[in-house]
Amino acid sequence: MVPSLPNDQERGRGNLSYSKREVFGMTKPEYEWTWKELPVGNVILEPGNASQYRTGDWKSLKPVLKRELCIHCGLCYIFCPDMAYGPDSESCFIADLFYCKGCGICAKECPTGAITMVMEEEGK
Amino acid sequence: MTENLNVFAVRTLTQKEYFAPGHRSCQGCAEALAVRLVAKALGRNVIIANATGCMEIVSSPLPYTSWRVPWFHVAFENTSAVASGIESALKVLMRKGRIPRKKIVTLAMGGDGGTADIGLQSLSGALERGHNFLYVCTDNEAYMNTGIQRSSSTPFGASTTTSPAGKVQTGQVTWKKNMAAIAAAHNIPYVATACPSYPIDLVQKVKKGADVDGPAYIHILSVCPTGWRSAPELSIKLGRLAVETGIFPLYEVERGQYHLSIDFPKLKPIKEYIKLQGRFRHLTEEMIEGIQKRVEKEYEQLKERAKRGF
Amino acid sequence: MGKRIGIEVSIAAAEAVKQANVDVISAYPITPQTHIVEHLSELVANGEMDAEFFCVESEHSALSVCVGSQATGARSFTCTSAQGLALLSEVTFIASGLRLPIVMILANRTLSAPLSIWNDHSDAMMVRDCGWIQFFTENGQEVYDHVFISYRVAEDRQVLFPAIINMDGFILSHVIEPLEMIEQEKIDQFLPPYEPLHRLHPDKPVTMGAFALPAIFAETKKAQEVALLSSLPKILEVWKAFGDMTGRYYHPIETYRAEDAETLLVTMGSFGETASVAVDQMRAEGRSVGLIKIRLWRPFPFNDFKKAVQGAKNLVVIDRAVSPGGPKGPVASEVRSALFGESVHPTVYDFVAGISGRDVGPSDFVKMVDKAEIEIEEGNREGYELYGVRE
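Computed from a predicted model, the values in this text were never measured in an experiment.

A. Expanded view of the overall build of chain C. In terms of regular secondary structure, chain C is built from 13 helices and 16 strands. Its C-alpha radius of gyration of 21 Å places chain C within 12% of the 21 Å reference for a compact globule of 391 residues. A principal-axis box enclosing the C-alpha atoms of chain C has dimensions of 70 × 55 × 45 Å. Buried positions account for 57% of the 391 residues belonging to chain C.

B. The pairing of strand E14 (residues 314-319) of chain C, seen in detail. Residues and elements named next belong to chain C. Burial within E14 is extensive, with six of its six residues counted as buried. Residue alternation in E14 divides its side chains into two sets, Asn 314, Val 316 and Ile 318 and Leu 315, Val 317 and Asp 319, and both sets are buried. Summarising the sheet, strand E11 (residues 263-268) and E14 pair through four bridges and their orientation is parallel. Along E14, the bridge assignment pairs Leu 265 with Val 316. Pairing geometry for E14 and strand E15 (residues 347-352), over six bridges, is parallel. Paired with Val 316 across the two strands is Tyr 349, which belongs to E15.

C. Summary view of the sheet that holds strand E3 (residues 52-55) of chain C. Residue and element names in this part refer to chain C. The sheet built from seven strands is open, its strands ordered E3-E2-E4-E5-E7-E6-E13 with mixed pairing. Here the strands that pair on one side only, and so sit at the sheet edges, are E3 and strand E13 (296-298). Looking at each pair of strands side by side, their axes are set apart by 20 degrees on average, direction ignored. In this sheet, strand E7 (residues 163-168) lies alongside strand E5 (residues 103-108) in parallel orientation, the contact comprising six bridges.

D. Summary view of the pairing of strand E1 (residues 46-50) of chain B. Residue and element names in this part refer to chain B. Of all five residues in E1, five are buried, a share of seventy percent or more. Side chains Val 46, Ile 48 and Asn 50 of E1 all project onto a buried face; the interleaved residues Ile 47 and Ala 49 project onto the opposite face, where all are buried too. Two elements, E1 and strand E3 (residues 105-111), share five bridges in a ladder whose sense is parallel. Within the sheet, the bridge partner assigned to Asn 50 lies in E3 and is Met 109. The pairing of E1 with strand E2 (residues 71-73) spans three bridges and is parallel. Following the sheet pairing, Ala 49 is matched in E2 by Phe 72. Where the polypeptide runs from E1 across helix H2 (residues 54-59) and back to E2, its parallel neighbour, the crossover connection is right-handed.

E. Spotlight on helix H5 (residues 120-129) of chain B. Taken residue by residue, H5 of chain B has Ser 122, Leu 123, Gly 125, Ala 126 and Leu 127 of chain B as its buried positions. Lining the buried residues of H5 of chain B we find helix H3 (79-95), helix H4 (112-117), strand E4 (134-139) and helix H6 (179-184) of chain B together with helix H3 (59-71) of chain C. Gly 130 of chain B sits one or two positions beyond H5 of chain B and adopts a positive phi of about 75 degrees.

F. Region of interest: the domain arrangement of chain C. Residues and elements named next belong to chain C. When cut into domains, chain C gives domain 1 (4-246) and domain 2 (253-386). Looking at the side of domain 1 that touches domain 2, the elements with two or more residues in it are helix H5 (122-126), strand E6 (133-136), E7, helix H8 (214-229) and helix H9 (231-246). The dominant element in the side of domain 1 that touches domain 2, judged by the number of residues it contributes, is E6, at four residues. Residues belonging to the side of domain 1 that touches domain 2 are distributed by class as follows: 13 nonpolar, nine polar and three charged.

G. Spatial organisation of the nonpolar core. Ranked by internal contacts, the top residues of the largest apolar core, which has 255 residues, are Ala 13, Val 67, Leu 265 and Val 316 of chain C. The dominant element in this core, judged by the number of residues it contributes, is helix H1 (residues 30-42) of chain B, at ten residues. When residues of this core are assigned to domains, at least three map to each of domain 1 (4-246) and domain 2 (253-386) of chain C. In contact with Val 316 of chain C, other than residues within four places in its own chain, are Thr 263, Leu 265, Val 266, Tyr 349, Phe 351, Met 368, Val 369 and Ala 372 of chain C.

H. Representation of the interface of chain A and chain B in the model. With 39 residues of chain A at the contact, the number on the chain B side is 35 residues. Elements that contribute at least two residues to the side of chain A that touches chain B include exactly helix H1 (75-79) and helix H2 (105-109) of chain A.

I. Layout of the interface of chain B and chain C. Every contact between the two is made by 41 residues of chain B and, on the other side, 38 residues of chain C. Mapped onto the side of chain B that touches chain C, the elements with two or more residues apiece are E1, E2, H3 and H5 of chain B. Element by element, the count of residues in the side of chain B that touches chain C is highest for H3 of chain B, at twelve residues. In terms of residue class, the side of chain B that touches chain C is made up of 23 nonpolar, twelve polar and six charged. Looking at chain direction, E2 of chain B and strand E9 (residues 207-208) of chain C are connected through two bridges and run parallel.

Cut-off values and rules
- Residues numbered from 1 in each chain as written.
- Chains lettered and ligands numbered in written order.
- Predicted model: local features only at pLDDT ≥ 70, side-chain atom pairs only at ≥ 80, totals over all residues.
- Helix = DSSP H or I, 4+ residues; strand = E, 2+ residues; numbered from the N terminus.
- Rg over C-alpha atoms; globule rule 2.2 N^0.38 Å.
- Buried ≥ 20, exposed ≤ 12 C-beta atoms within 10 Å, placed from the backbone.
- Pairing = 2+ DSSP bridges.
- Axes fitted to C-alpha atoms, helices over the stretch in contact; angles between N-to-C directions.
- Right-handed = clockwise from strand over helix to strand, strands pointing away.
- Contact = placed C-beta atoms within 7 Å.
- Domains from an automatic or database assignment.
- Nonpolar A, V, L, I, M, F, W, Y, C, P; charged D, E, K, R; others polar.
- Core = buried A, V, L, I, M, F, W, Y, C linked by C-beta atoms within 7 Å.

If you want it as structure tokens, here you go:
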């Protein structure tokens, strides 16, 4: 599976500064490397390049935010095991669907019920 | 209205992520969350030695890595020894002036298998030698990466593939090994238990452990929906319930002095915790009552220690 | 010319580690290497050596500590024997795959059971495939010299492999031998401080020890194999530089009175000196006998070996370990495999001698050569004997 960079529609708006996808040029997937290209000791020299991998393909449910209920507490952001959440310009938190695996923790933990999990095809 | 509620405790944590998304953990993995929070707590100036296990596998499939800090995986049982080597090298290289003097935290991370079972010897050695490092055990209560086999950290009664609930034996027959007590018995300056369901507490404890001079040990309960057969969205709630029922109390041992991090006037019944997990679904009323009694007894003993200080 | 003194070989090895400015030493006691770590701990305790020295809780941790410290950029050292090597063998493969230039002295000792603290090569033979550069030494001077040679070879940017120095336990480790120590200034010039290619440091975060899926593992193995084979020219270069400095030149295969010899003894380790006495005796009687000593065990110097044995009729290989159920003596089996492709090659007769420290004197070598020559003459092309066993 060849990962590709997200388009703007998929990317959550206003990603946290350090959780932007690293762009070192795309790292080749493992089945394309030749033995001469490997660094000595198979060291990986591009920190965090796993962020090129689209784990968002794994989900069947996706989180949807009802903005008027959001109290900007940041619990969805802090509890996400996949660092998918980032603040947007209005201080709400938005999930980056490139990474979101659809586990539903954010919807469960949101104190005001502002987040609901919906099947991926329906709705927006 | 919302402007008044702008500052929440969560926002006091750094926004930087040192553990990158795109890692291959299961959905709802609280161990990945624990590791994320540990990385946040320690920041840039850390070198991590990691044991073989879930977190190592999901974060480092050649040629990809989720790590934005220096990270080293060697084998299963020697994480503490590798961390001892890293810590000593930093010490001697700074002393000899070959690298500039700077505070660099040495972190050793391992799962419950790599800590309480196969890694116990090297952990004990490193704690005894007094190296200045922090050991974090992310405990998902079984050998999850190889497919849910029991470890000495698997709780009594839990069904795993090597301690299955069968007709003759019903799940794990031994009580969970108390790793925090074992670490505290080495007379190290700081021991703590933590849970990612209490993120600020976890981050504070990790920072404390890193700052202390000498070895520190932190045991983190990591809910595993795949292995515990629980719904992925409940991972945070289950962690909270583990604490609220007294099954996994949060406490610190500073220089032998016990402090509870959070105490409840009345513990919730363990049934609330157990009923949400498929690995306990075979438990009889009798077994549950037995477990309830023991949990309450151990909690009382812990409160006693906290009261008298040691 | 350095000072020539009588010194126990283990102590000399420890002194070499001190002179090599090693940064981190992890220690675990096991006979017969213990004198090395004991002396090192004294040197550190007396302030004569500035290093982090500490005792660990097992040999597995001893090498793991070195892996951690070497990855962080510190020159690291440890030593072990037999059971300790067996315990840390897992980490040897890892250290080679990670390309960390650790140097380890292996005081060769028999692997249990039965338990025995005395010398043979069964422990070294266990880790043939671990991917380390492996030297065999014949006397105390060679042990001392190879500490510096090993670090310089191992740390070279074009090599970056860990190295084992094999030293016969008790026979070398516990005897006092005449040795020439090298002046510190010369060592400092020969062996500059370690500059790692990759190191663990927050200024440049790297991930070491990632796991490899089948789709990429074969490439990593090829890279490792090619790199180990390519280390041979560098080893020769370093040996030459060492020879220029001290007058002692080492070669992958050493020969002794081997030109135009009809029968050649092949030995590794301390057997070499005793065998050379036997060769002198036999030559004095007019027999056409010479000696081949394998100094570089890994990467095995196939071309040098083939050249050295060209023209000989009989090869009498003296192993110091058995491969039970397998091809008898490990060195003989490697020799046979080295020569298999040659259209003309000597007949190999394999003796396993000196198991678990049993003494093998010059007369024993003479007896072995006698027996081999007779049997090969009678047509035995697969000769093998566990020498000196009481029937």
